[in-house]
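# Residue-level structure breakdown
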Amino acid sequence: QVQLVESGGGLVQAGGSLRLSCVASGRTFSNYAMGWFRQAPGKGREFVSGISWSGGLTYYADSVKGRFTISRDNAKNTVYLQMNSLKPEDTAVYYCAVVSRPWVIFTTSSEYDYWGQGTQVTVSS
């Protein structure tokens, strides 16, 4: 069992920045690849970014490429999502998730084993 707790969400103006954190507990954090997803009202859960266990492999959705940066600190059992140049369309609940295949980044939510409770990000225009 892995427990995930996200934080760092909030209300920000368009063009601003936020840094999300996701702290994991329960099992060896470095055995997992990690992903960030988001879900806007009335929409499905959307892949945002993923990172391999070592941090050496990262992947981004086209909608956030060049604006968001994913990273992880295995010593702190934490994955981060730095979000810059935020847009109103980035408004959503953001979730982190883990998958017990450390070398692969999946973009489909059904591949992930454990999820956090989510943190709200609201970007005003």
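Here, every reference points to the structure presented above.
An account of the accompanying structure is given in this report.

A complete count under the given rule lists seven aromatic pairs for this structure. Taken together, the ring pairs connect F37, F47, Y59, Y95, Y112 and W115 into an aromatic cluster. Stacked on the ring of Y80, the Lys or Arg R19 has its end atom at 4.0 Å from the ring centre. Stacked on the ring of W115, the Lys or Arg R45 has its end atom at 4.8 Å from the ring centre.

Attention shifts here to the nonpolar core. Ranked by size, the top nonpolar core spans 36 residues in total, and within it L4, W36, F68, L81, M83 and Y94 carry the most contacts. At the level of elements, β3 (18–25), β4 (33–39), β5 (46–51), β7 (68–73), β8 (78–83), β9 (92–99) and β11 (119–124) are the ones that each hand at least two residues to this core. The element best represented in this core is β9, accounting for six residues. Not counting the four nearest positions on each side in its chain, M83 is found in contact with G16, S17, L18, L20, R67, F68, Y94 and V121.

Our next topic: the state of the cysteines. Following the criterion strictly, the structure yields one disulfide and no others. Note that C22 is cross-linked by a disulfide to C96, the S-S spacing being 1.9 Å. Here C22 and C96 share a disulfide; its torsion about the S-S bond, 50 degrees, makes the bridge right-handed. One end of the pair, C22, is in strand β3; the other, C96, is in strand β9, with 74 residues separating them in the sequence. Across the pair, exposure class does not vary: C22 and C96 are buried alike.

Taken as a whole and judged by the stated rule, the model has five salt bridges. In this structure, E46 engages R38 in a salt bridge whose closest nitrogen and oxygen atoms are separated by 2.8 Å. Note that D62 and K65 form a salt bridge whose closest N and O atoms lie 3.1 Å from each other. Overlapping salt bridges bring together R38, E46, R67 and D90 as one network.

Read across the open sheet, the four strands follow the order β1-β3-β8-β7; overall the sheet is antiparallel. One side of each edge strand has no neighbouring strand; the edge strands of this open sheet are β1 (3–7) and β7. Here the strands of the sheet are splayed against their neighbours by 15 degrees on average, with no regard to which way each runs. Alignment of β7 against β8, held across six bridges, turns out to be antiparallel. Bridging from a neighbouring strand, F68 pairs with M83 of β8.

Definitions and cut-offs
Residues numbered from 1 in each chain as written. Predicted model: local features only at pLDDT ≥ 70, side-chain atom pairs only at ≥ 80, totals over all residues. Heavy atoms only, no water. Phe/Tyr/Trp six-rings, centres within 6.5 Å; stacked < 30°, edge-to-face > 60°. Lys NZ or Arg CZ within 6 Å of the ring centre and 35° of its normal. Core = buried A, V, L, I, M, F, W, Y, C linked by side-chain atoms within 4.5 Å. Buried < 20%, exposed > 50% of the residue type's maximum accessible area, 1.4 Å probe, protein only. Helix = DSSP H or I, 4+ residues; strand = E, 2+ residues; numbered from the N terminus. Contact = heavy atoms within 4.5 Å. Disulfide = S-S within 2.5 Å. Salt bridge = Lys/Arg side-chain N within 4 Å of Asp/Glu carboxyl O. Pairing = 2+ DSSP bridges. Axes fitted to C-alpha atoms, helices over the stretch in contact; angles between N-to-C directions.

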